[in-house]
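Analysis of the macromolecular model
Chain by chain, the residues:
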Amino acid sequence: MKKCFLVYGIAYLVLLMLTLGMLYAYPKLELHLLLNSYHTRLQDTFFTYYSMIAEGPIYLLGLLPLFWKQVKLTVFFGLCELTGGGILQLLKHIFEMPRPASAFENCPDMVLPIVEGVSMHHSNSFPSGHASTFFVFCTCFALFLAYHHQRNIRQGKAQTSVLYSCTLLLLLSLAALGAYSRVYLSQHFLSDVCVGSIIGFLTPCLLFYFGRNKLIPQKEEEVRSER
């Protein structure tokens, strides 16, 4: 299981290191402008609607496993969202950090890039709830994909490792794209989505680790232990 999930985990750590490097190298406001240096009408439309996925549609997607009678996956996703959301709201009210729309008001020489039609928020910026939601969703499915891939390997019917690895990287890319959409729309700073992604990544990993005996059928767990 650990080896199967390794591709997703390592790729996330690389992405996290790159993000932390940018946060260290650039001042907060300058970095935000750098990440918003190029806007097009197509990108404005795409990121506006893509960001909205975390406001409702993603929870409907979390119900899809029910069609395949995978109730535990849906319950696990819901538990991760509730846990991660609780941690996130606690941090939001502890730090009460201003959003870019408020922070740039004190810098008249800097123009905040905004997307027409997007309602701007002004408070509780840190950390990003949307980023956390995207990463919780994708990490949950990456974990269960790793579990099923390992089971298929034991049964001798696993898909090619290249296809499997590409699927995991696609999930991570979708999560990262959702997190970046919040920066593109000037609703959050990069530091906000960075911490949001950490919460969204660690919450499913920890809950899966401590609850794996209930998530994985006992018979399969015994077979795995024997090997």
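The text that follows walks through the structure, step by step, so that each part is easy to find.

About the criteria used
- Residues numbered from 1 in each chain as written.
- Predicted model: local features only at pLDDT ≥ 70, side-chain atom pairs only at ≥ 80, totals over all residues.
- Heavy atoms only, no water.
- Helix = DSSP H or I, 4+ residues; strand = E, 2+ residues; numbered from the N terminus.
- Buried < 20%, exposed > 50% of the residue type's maximum accessible area, 1.4 Å probe, protein only.
- Areas by Shrake-Rupley, 256 points an atom, 1.4 Å probe, with all protein chains shown as cover.
- 1 Å grid on protein atoms, 1.4 Å probe; cavity = no way out; pocket = protein on both sides within 12 Å on 5 of 7 lines; lining within 4 Å.
- Points joined across faces, edges and corners; volume = space filled by probe spheres on them.
- Nonpolar A, V, L, I, M, F, W, Y, C, P; charged D, E, K, R; others polar.
- Core = buried A, V, L, I, M, F, W, Y, C linked by side-chain atoms within 4.5 Å.
- Contact = heavy atoms within 4.5 Å.

Bringing the overall build of the protein into the picture now. The helix and strand tally for the protein stands at 10 helices and 0 strands. Shown N-terminal to C-terminal, the secondary structure of the protein runs as helices and strands in the order α-α-α-α-α-α-α-α-α-α. When each of the 227 residues of the protein is scored for burial, the buried share is 45%. When the accessible surface of the protein is totalled, it reaches about 12600 Å², and 67% of it is carbon and sulfur.

Another aspect to go through is the layout of surface pockets. Size it by volume and the second largest pocket reaches roughly 260 Å³. Considering the residues around the second largest pocket, the lining is formed by 16 residues, among which L15, T19, A176, L190 and V193 are closest to the centre. Taken together, the elements giving at least two residues each to the lining of the second largest pocket come down to α1 (2-25), α8 (161-184) and α9 (190-215). Here the lining of the second largest pocket takes 6 residues from α1, the largest share from any one element. Across the lining of the second largest pocket, the residue classes tally to 14 nonpolar, 2 polar and no charged.

If you look at the biggest cluster of nonpolar residues, it comprises 39 residues, and the most contacted ones within it are F5, Y8, F76 and F135. At the level of elements, α1, α2 (28-35), α5 (71-95), α7 (129-154), α8 and α9 are the ones that each hand at least two residues to this core. Of the residues forming this core, the biggest block, 12 residues, is contributed by α7. Setting aside its immediate chain neighbours within four residues, F5 contacts T139, A142, L143, A146, Y164, F201 and C205. A101, V115, M120 and L185 belong to the second-largest nonpolar core, a separate cluster that totals 13 residues.

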